[in-house]
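Coordinate inspection notes
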Amino acid sequence: MVSKGPVTTFLCLLLGAFTRGASTQQAFTVEPDNITVLEGAVAILQCVVDNPSGVVQWVKDGLLLGPDTNIPSFPRYSMMGDPSKGEHHLRIVDSRLADDGDYECQAGRSKESPGIVSHTALLSVLVPPKTPVFKEYEVNSTVTWVAGVEYTVTCSAGDAKPAAEISFSKSGSPLPDVSHQVHSGSSEKLSSTIAVLRVTPQSLDNGKRLICAATNEAVSAAVVAGFTMNILFPPQPPTIEGYKRPEIKAGETLKLICISLSGNPLATLQWLKNGNVISTSWETEDASSASRSLLTLSIKPEDNGAQLRCEAMNQVSPLPLVASVTLRVVFLPTEVSILGSSSTPENKQISLSCSTTPSNPPVQLRWWLGWRELTTTEVTVTEAAHGGTVTVSNLTHMARREENGLPLTCEAFNEVVLFTRSTSLPLSVKYPPQKVWIEAPPPDSRFRAGTKDTKSLKEGTQVASGKIVSKELILTTSPSDNLAIYRCNASNDGKSPALTAQTRLRIQFPPIDVKITTMAKEVRRGQTLTLTCVTGSSNPFATLAWFKDAEKLKGVDLGQKPAEFGGLSTSGKVTLVVSSSDNGQRVTCQAYSSILAEAVNTFYKLNILYPPEFSSEQPAVAQGVEHGAVELPLHVSANPPKLNCSWSFRGKVLRPEGSPRHHLRAGGSLAIWNLSRADMGQYRARCQNPEGQNETHLHLDVHCEFHPPTPLPPTSVPP
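Quick summary incoming for the structure in this document.

Conventions adopted
- Residues numbered from 1 in each chain as written.
- Predicted model: local features only at pLDDT ≥ 70, side-chain atom pairs only at ≥ 80, totals over all residues.
- Heavy atoms only, no water.
- Pairing = 2+ DSSP bridges.
- Helix = DSSP H or I, 4+ residues; strand = E, 2+ residues; numbered from the N terminus.
- Core = buried A, V, L, I, M, F, W, Y, C linked by side-chain atoms within 4.5 Å.
- Buried < 20%, exposed > 50% of the residue type's maximum accessible area, 1.4 Å probe, protein only.
- Contact = heavy atoms within 4.5 Å.

1. Focus: the pairing of strand β37 (residues 389–398)
- Inspection of the sheet shows strand β33 (residues 349–356) paired to β37 by 7 bridges, in the antiparallel sense. Across the sheet, S351 pairs through a bridge with T396, a residue of β37.
- Across 7 bridges, the pairing between strand β36 (residues 377–383) and β37 is antiparallel. Note on β37: the bridge partner recorded for T382 is V390.
- Hairpin connection of β36 to β37: 5 residues between the antiparallel strands, including H386 at a positive phi of 60°.

2. Focus on the nonpolar core
- If you look at the biggest cluster of nonpolar residues, it comprises 22 residues, and the most contacted ones within it are F134, W145, V153, I166, F168, L210 and F227.
- Of all the elements in the fold, those that place two or more residues in this core are β13 (142–146), β14 (151–160), β15 (165–170), β18 (191–199), β19 (209–215) and β20 (223–232).
- At 5 residues, the largest contribution of residues to this core is made by β14.
- Excluding anything up to four places from it in sequence, F227 contacts F134, Y137, E138, N140, S141, V143, W145, V153, K208, R209 and L210.
- Of all hydrophobic cores here, the second largest spans 21 residues; its members include V37, I92, I116 and L123.

3. Here's the deal with the pairing of strand β25 (residues 276–279)
- As judged from the 3 bridges shared by strand β24 (residues 268–273) and β25, these two strands associate in the antiparallel manner. Looking across to β25, one finds that W271 is bridged to S279.
- Hairpin connection from β24 to β25: 2 residues lie between these consecutive antiparallel strands, with N274 at a positive phi of about 55°.

4. Considering unusual backbone geometry
- Looking along the chain, the bond that leaves N264 and enters P265 is cis, with omega of 0°.
- Relative to the assigned elements, P265 resides in the loop between β23 (253–261) and β24.
- Cis rather than trans, the peptide bond between N639 and P640 has omega equal to 5°.
- Within the element layout of this structure, P640 appears in the loop between β59 (636–639) and β60 (644–649).
- For N274, which is not a glycine, the phi torsion comes out positive at approximately 55°.
- Following the sequence through the fold, N274 ends up in the loop between β24 and β25.

Now the structure itself:
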């Protein structure tokens, strides 16, 4: 108990002096020992006092906690035990770093005994390290490194007591080359540890975790943090599969597969041909850690000697990794051609040259005439593009008449690759023709024009049969072929005059055309009109007939005259006295050939000028009702058809312009509105055109409007 003044202290000491030898002194049977507890645990400091007579209380770092067993100022502190047995243990729950310190148990002075103080006991509260953190990376992230490159990893574990010890491991194996530093923590008694690791990852570390472990006396198992290592490393050199044979033929399809194993990321692949990129597509297989690229090539002759290279690399490859193959392409000549003319006069020497397109390997050439091999040749072989060769064979040969038409063949062959290809030309040996004739119909045969429809004159078909050459000419005959002479000339390069044969055709044809003419420029009713009909050339001549609509007219035959193509032209005329009813009618001239049973027609449309004429259907009387409307019809025709018509009533000309009751209709009819009895009487219509005028009369009757009588109201009769 802490004294409150000098007097009190003196009295206590005096009382103690009087009683010291009178009873048993209080003493410690159990004093507190140094203990260590984990943060959050219960700490118990033991204190047992024998013969306690004074007040027992605990002191923390020199601060009296008080005799109350609950220790109000420290709610987590309490004294426990059986006081009757002198047990005054200090119990601290939920131990914290603030509880760390020196503790003493003391019994205050009493009448029987002086105060006693236990030896000092140290309560040490252990604090586990916090979860480690990395300076450069995030915990549980994936960190990308390059294999073979040294990296620094800084891991810190803070606020531990005692200071944490930090270690690094990879797949359970500890890592060396770690340096440590300990610094003050967030409070006086806490410490933070910083560890720096220098590590050089390898490809085998890819996908593994790097662990930072912090431990001290407060934990039974280390507190760990880590991250996953994504180690970038180059792929393995690629390999090429699919090119097994030493050579490949042009036209075949070559499929090559480039495979590159391992690498992170897996390799990107590309194909190059002679240094030029030809494919940049590839596939990856994570299960087998492989990249594959399929190259499909249609082999061509120009691929001979080509280098196909597959390059594999990823983002950490210093240089592309390469695999390559060199193609040896077998290609045969695509063409065998003969240069020079295979046509020559008999007993003359021909010179021809046969050559091939490039091939690998070279081919040989030989000449055949029919089934006989010719040996008068000279062969040369020269280098060509793509590592191939071109073979040329020059032939000289004396041509004979009996060799005409035989095939002259150049054959290219290679017995090693079982190849043969040839080209041929017919040998044309020229010698003059011996006879020519025309196989034609008899001279007195006659043909209808247009009876055939095949080839024109310039497109005859020539046919060779043995030593006889024929050329058939089939015509679509026309009038111009009548009496025409057709000549067949036979000649060749035999340097002899042409042989000639000829024939003459006789062609029958109807009139080429028919025309009607007249001298009259204008024709009026009552005048006489003469029409003349002339046919074009026909064979035989045609006879003429005249018709006016369906009526046959009597014409005059003017005879025939010679015309073109050896035919005759027929002429005739007809004379008409025309009337207004003839206007617009057609006069037809028909040229008829009785032998051909065919007619050719043309017509002349009559244009008859006449003054206005009123139709027989023109009415003389019209009916109307008072207060109603009526139309006075007008049926008139004329040529020219444009008319000027006017109406008059009782000698007065009606002028419809501006009149509310009189209206002139199309065709000349007169409409009268709101009729009255005054409108009844004789009306005159007068029409004219450039040919003259005419008039007609029409009587209008106006009837009265009927009004039925009004019925009288009924009346009653008295009884």
